Amino acid sequence: MRPRREIWAAAHGPIPKGWVVHNLNGDSEDNRLENLAAVPRNTNLGLILAPYRVRVQELERELKLLKKEKN
């Protein structure tokens with residue numbers, strides 16, 4: 001099982017058959033729980049995930065700026 005599936009399943013329970021777990025920000029190495037979403041395999045993922053991906057990336061940039069300002 002891929003690490004992101006293990007992380008999501010540990011927090012939310014078994015992943016339904018036919019569902020996939022995606023990284024919201026598009027970074028397949030970023031397996032933080034808040035960056036993961038489980039969706040049915042047959043959905044148009046581009047349309048569903050695109051708004052989340054953009055928003056997650058914006059929030060991550062804001063967080064980096066805040067951390068820089070704090071240091």
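This one's a predicted model, so the numbers in the text were calculated from it and none came from an experiment.

Conventions we followed
- Residues numbered from 1 in each chain as written.
- Predicted model: local features only at pLDDT ≥ 70, side-chain atom pairs only at ≥ 80, totals over all residues.
- Heavy atoms only, no water.
- Helix = DSSP H or I, 4+ residues; strand = E, 2+ residues; numbered from the N terminus.
- Buried < 20%, exposed > 50% of the residue type's maximum accessible area, 1.4 Å probe, protein only.
- Contact = heavy atoms within 4.5 Å.
- Salt bridge = Lys/Arg side-chain N within 4 Å of Asp/Glu carboxyl O.

Attention now moves to the overall build of the protein. Across its full length, the protein holds two helices and two strands. Helices (α) and strands (β) of the protein occur, in sequence order from the N terminus, as α-β-β-α. Expressed as a percentage of the 71 residues in the protein, the buried residues total 24%. Pairs at least 24 apart in sequence give 35% of the contacts found in the protein among residues at least 6 apart.

Before going further, it helps to spend a moment on the pattern of salt bridges. Counted under the stated rule, the structure contains three salt bridges. Residue Asp-30 is joined to Arg-32 by a salt bridge in which the shortest nitrogen-to-oxygen separation is 2.7 Å. Given a relative accessible area of 35%, Arg-32 falls into the partly exposed group. A salt bridge links Glu-60 to Arg-32, with the nearest nitrogen and oxygen atoms 2.4 Å apart. With Glu-60 in helix H2 (residues 45-70) and Arg-32 in the loop between strand S1 (19-23) and strand S2 (36-40), this residue pair connects regions lying 28 residues apart in the sequence. Judged by its relative accessible area of 23%, Glu-60 falls in the partly exposed class. In the salt-bridge network here, residues are joined through shared partners; they are Asp-30, Arg-32, Glu-34 and Glu-60.

Bringing the side chain of Asn-25 into the picture now. With respect to the helices and strands, Asn-25 occurs in the loop between S1 and S2. Given a relative accessible area of 7%, Asn-25 falls into the buried group. Setting aside residues up to four positions removed in sequence, Asn-25 forms contacts with Asp-30, Arg-32, Asn-35, Arg-53, Val-56, Gln-57 and Glu-60.

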